[in-house]
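Here is how the chains run, residue by residue.
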Amino acid sequence: MNDRLLAIVGGGSWGTALAIALAPRFEGVRLWVYEHDLAARMRDSRRNDVYLPDSVLPPNVEIASEVGACVHQAGFVLGVMPSHHARRVYGTIREHLDATAILVSATKGLERGSLLRMSEVASQETGSARVAVLSGPTFAKEIARGEPAALVVASANSSVASEVQARFSTPVFRLYTNSDPVGVEVGAALKNVVAIAAGVCRGLGLGNNTAAALITRGLAEITRLAVAMGGKPPTLAGLAGLGDLVLTCTGDLSRNRTVGVELGKGRPLAEILAGMRMVAEGVETTAVAVELAHRHGVEMPIALQMHLVLNEGKSPQAAVRDLMDRSLKVE
């Protein structure tokens, strides 16, 4: 194993941005790109012309087309694939993964069917116990431009989290350790669901009062679910909870918010998704959130209404009306 070698599994906008941000901290960075034609162009141009065309890859970033070769002997393996591909990809790299490598999941989603978090999928498929989670309020374009950002690295193993913190931190990429991967991953995944709702409100022409109420109540229901699953309330008040939620619900670069905006304007979901190259994880996560809420006996009205809009054809106007018409409660 070479702890000066980083493998990044997933060459979308976030994987590419992380390659750029972390390149100064490693002798070599391997970036696995699924699309062979894109990988070839990236080797020639040093740019990801599909997902992050304005940013140049550093010289020590190698583009890999074979995922096994990408992770071979790497001391750190960063998983940045879409959640619906995670199990297959982690299963593929198992035989190539060094037994002492640290596996870091940076995918913000939950698995449909199993309802598992991404770090659980990674552990199941690779057999690794050295697993951490990376999350926080970040947009790929801003990370690639070198703008300052703060993130959380969480692991049940404090030494694993500390090793990632020490290796990944730079003057503009600040990491805090956390011992609550459950809270971090639930916050990371569920904020995308609330961001779709925030976009719906914007698309319907609703203003800042509505957005503030939605973000606040969204945080409340995310926290309820996270705690029911074993997470800790302070985690959801931090970078991976409130911080990421505010960014994703208000930032114009948010893919999930964009989906919501277009839904609010009356466009069909299939048409919206057909026009997007990048994955909006909240679309997949919403149904999982509703299943988890049912399993744990937790009330999640925002997630439920977004599920009805996304998967059962309910109109955004009716969803907002039904949220407001719910029985009155104590905060």
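As shown above, the structure is provided for reference.
Summarised in this report is the structure supplied together with it.

Conventions and cut-offs
- Residues numbered from 1 in each chain as written.
- Predicted model: local features only at pLDDT ≥ 70, side-chain atom pairs only at ≥ 80, totals over all residues.
- Heavy atoms only, no water.
- Helix = DSSP H or I, 4+ residues; strand = E, 2+ residues; numbered from the N terminus.
- Buried < 20%, exposed > 50% of the residue type's maximum accessible area, 1.4 Å probe, protein only.
- Axes fitted to C-alpha atoms, helices over the stretch in contact; angles between N-to-C directions.
- Parallel < 35°, antiparallel > 145°, perpendicular 65-115°, else oblique.
- Left-handed = near helix turned anticlockwise from the far one by under 90°.
- Contact = heavy atoms within 4.5 Å.
- Nonpolar A, V, L, I, M, F, W, Y, C, P; charged D, E, K, R; others polar.
- Expected span 1.5 Å × (residues − 1).
- Core = buried A, V, L, I, M, F, W, Y, C linked by side-chain atoms within 4.5 Å.
- Salt bridge = Lys/Arg side-chain N within 4 Å of Asp/Glu carboxyl O.
- Pairing = 2+ DSSP bridges.
- Right-handed = clockwise from strand over helix to strand, strands pointing away.

Right, let's get into the environment of Trp32. Inspection of the secondary structure assignment puts Trp32 in strand S2 (residues 28-32). For Trp32, a relative accessible area of 10% translates into the label buried.

Here helix H4 (residues 83-93) crosses helix H5 (residues 118-126) at 25°, and the two axes come no closer than 8 Å. In terms of orientation, H4 lies roughly parallel with respect to H5. The hand of the H4/H5 crossing is right-handed. For the pair H4 and H5, the contacting residues are Ser83, Ala86, Arg87, Tyr90, Gly91 and Ile93 in the first and Met118, Val121, Ala122, Gln124, Glu125 and Thr126 in the second. For the contact of H4 with H5, the residue count by class is six nonpolar, four polar and two charged.

With that settled, consider helix H15 (residues 301-312). Between the first and last C-alpha of H15 there are 15 Å, a value that for 12 residues agrees with the 16 Å anticipated at 1.5 Å per step. Within the sequence span of H15, burial applies to Pro301, Ile302, Ala303, Gln305, Met306, His307, Leu308, Val309 and Leu310. Lining the buried residues of H15 we find helix H8 (181-203), helix H9 (208-228), helix H12 (255-264), helix H13 (269-274), helix H14 (281-296) and helix H16 (316-324). Looking at the residues trailing H15, positive phi occurs at Gly313, about 75°.

The next thing to look at is the nonpolar core. Core analysis: the biggest nonpolar cluster contains 42 residues, and Val186, Leu190, Leu225, Leu263 and Met306 have the highest contact counts within it. Within the residue set of this core, elements represented by two or more residues are H8, H9, helix H11 (239-250), H12, H13, H14 and H15. Considering each element in turn, this core owes the most residues, 12 residues, to H8.

Moving on, we come to the pattern of salt bridges. In this structure the tally under the stated criterion is 20 salt bridges. A salt bridge links Arg87 to Glu111; its shortest N-O distance comes to 2.8 Å. In this pair, Arg87 is assigned in helix H4 and Glu111 in the loop between strand S7 (102-105) and H5, connecting sequence segments 24 residues apart. Classification of Arg87 as partly exposed rests on a relative accessible area of 24%. Judged by relative accessible area, Glu111 falls into the buried class, the value being 12%. Taking the shortest distance from any N to any O, the salt bridge between Arg130 and Glu163 comes out at 3.5 Å. Here the residue Arg130 occupies a position in the loop between H5 and strand S8 (131-135), and Glu163 occupies one in helix H7 (residues 158-168), the gap between them amounting to 33 residues. On the basis of relative accessibility, which here comes to 24%, the residue Arg130 falls in the partly exposed class.

So, on to unusual backbone geometry. Backbone geometry at Arg46 places phi at a positive 65°, although glycine is not the residue there. Inspection of the secondary structure puts Arg46 in the loop between helix H2 (36-45) and strand S3 (47-48). Within the chain, Gln73 stands out as a residue other than glycine whose phi angle is a positive 65°. For Gln73, the location among the structural elements is in the loop between helix H3 (67-71) and strand S6 (74-79).

Across a sheet, strands are paired by hydrogen bonds formed along the backbone, either parallel or antiparallel in direction. Taken in spatial order, the eight strands make up an open sheet running S5-S2-S1-S6-S7-S8-S9-S10, and their pairing is mixed. What marks the edges here is a single partner per strand, and that holds for strand S5 (61-64) and strand S10 (173-178). Taken pair by pair, the neighbouring strands of this sheet meet at an average axis angle of 25°, ignoring direction. Relative to S6, strand S1 (residues 2-9) runs parallel, the two sharing five bridges. In the strand pairing of S6, Leu6 is matched with Phe76. Sheet strands touched by H11: S8, strand S9 (149-154) and S10. Its angle to S9, the strand with the most contacts, is close to 140°.

Time to look at the pairing of S2. Burial analysis of S2 places five of its five residues in the buried class, the great majority of the element. The alternating pattern of S2 places Gly28, Arg30 and Trp32 on one face and Val29 and Leu31 on the opposite face, and all of these are buried. Alignment of S1 against S2, held across five bridges, turns out to be parallel. For Leu5, the partnering residue across the bridge sits in S2 and is Gly28. Each parallel crossover has a hand, and the one from S1 via helix H1 (residues 13-22) to S2 is right-handed.

Coordinates in, geometry out; function isn't part of it.
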